[in-house]
Amino acid sequence: MKISKKFILSFVAPFMIFISTIGMILRDDTRKIFYLPIGLMGISIILEKDIRRRFDRKNIFKKIKSYQKVK
């Protein structure tokens, strides 16, 4: 079975957040700050994908409406 690249990359952002939370829970106080950027990047990747998906859906909906008006 061939695994697609998009399928693997869809798990990267949640994995980054998971590593960040585990690192912040298990490390001592001086090293917790090193796990903050990876968690923020994971969250920003997820939010960016969500915003882009909504924008694309809105554009597709506008195109469908414009074709319906032409008829």
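Everything numeric here is computed off the predicted structure, so don't read it as measured data.

A.B. asks: Which residues make up the overall build of the protein chain, and what values do they have?
C.D. replies: Per the secondary structure count, the protein chain includes 3 helices and 0 strands. Its C-alpha atoms give the protein chain a radius of gyration of 19 Å, clearly above 11 Å, the size a compact globule of 71 residues would have. A principal-axis box enclosing the C-alpha atoms of the protein chain has dimensions of 65 × 35 × 10 Å. Taken over 71 residues, the protein chain has a buried fraction of 8%. Approximately 6800 Å² of the protein chain is accessible, and the part contributed by carbon and sulfur atoms is 69%. Within the protein chain, one finds 17 positive and 5 negative side-chain charges whose respective centroids are separated by 15 Å.

A.B. asks: A description of the pattern of salt bridges should follow, citing residues and the corresponding values.
C.D. replies: For side chains bearing opposite charge, pairing can occur when the charged atoms are close. By the definition in use, this model includes 3 salt bridges. Among the ionic pairs, K32 bridges to D29, the shortest N-O distance being 3.8 Å. Assessed through its relative accessible area of 27%, K32 is described here as partly exposed. Residue classification places D29 among the exposed positions, given a relative accessible area of 67%.

A.B. asks: How would you explain a nonpolar patch on the surface if you had to name every residue and give the values?
C.D. replies: A cluster of nonpolar residues, M24, I33, F34, L36, L40, I43, L47 and I51, forms a patch on the protein surface that exposes about 780 Å² of accessible area. Take the nonpolar patch: its biggest share by element is 5 residues, from helix α3 (residues 36-70). Tracing the sequence through the fold places L40 in helix α3.

Calculation notes
- Residues numbered from 1 in each chain as written.
- Predicted model: local features only at pLDDT ≥ 70, side-chain atom pairs only at ≥ 80, totals over all residues.
- Heavy atoms only, no water.
- Helix = DSSP H or I, 4+ residues; strand = E, 2+ residues; numbered from the N terminus.
- Rg over C-alpha atoms; globule rule 2.2 N^0.38 Å.
- Buried < 20%, exposed > 50% of the residue type's maximum accessible area, 1.4 Å probe, protein only.
- Areas by Shrake-Rupley, 256 points an atom, 1.4 Å probe, with all protein chains shown as cover.
- Lys, Arg positive; Asp, Glu negative; His and termini not counted.
- Charge placed at Lys NZ, Arg CZ, Asp CG, Glu CD.
- Salt bridge = Lys/Arg side-chain N within 4 Å of Asp/Glu carboxyl O.
- Patch = residues over 30% accessible without salt bridge, like charges linked within 9 Å, V, L, I, M, F, W, Y side chains within 5 Å.

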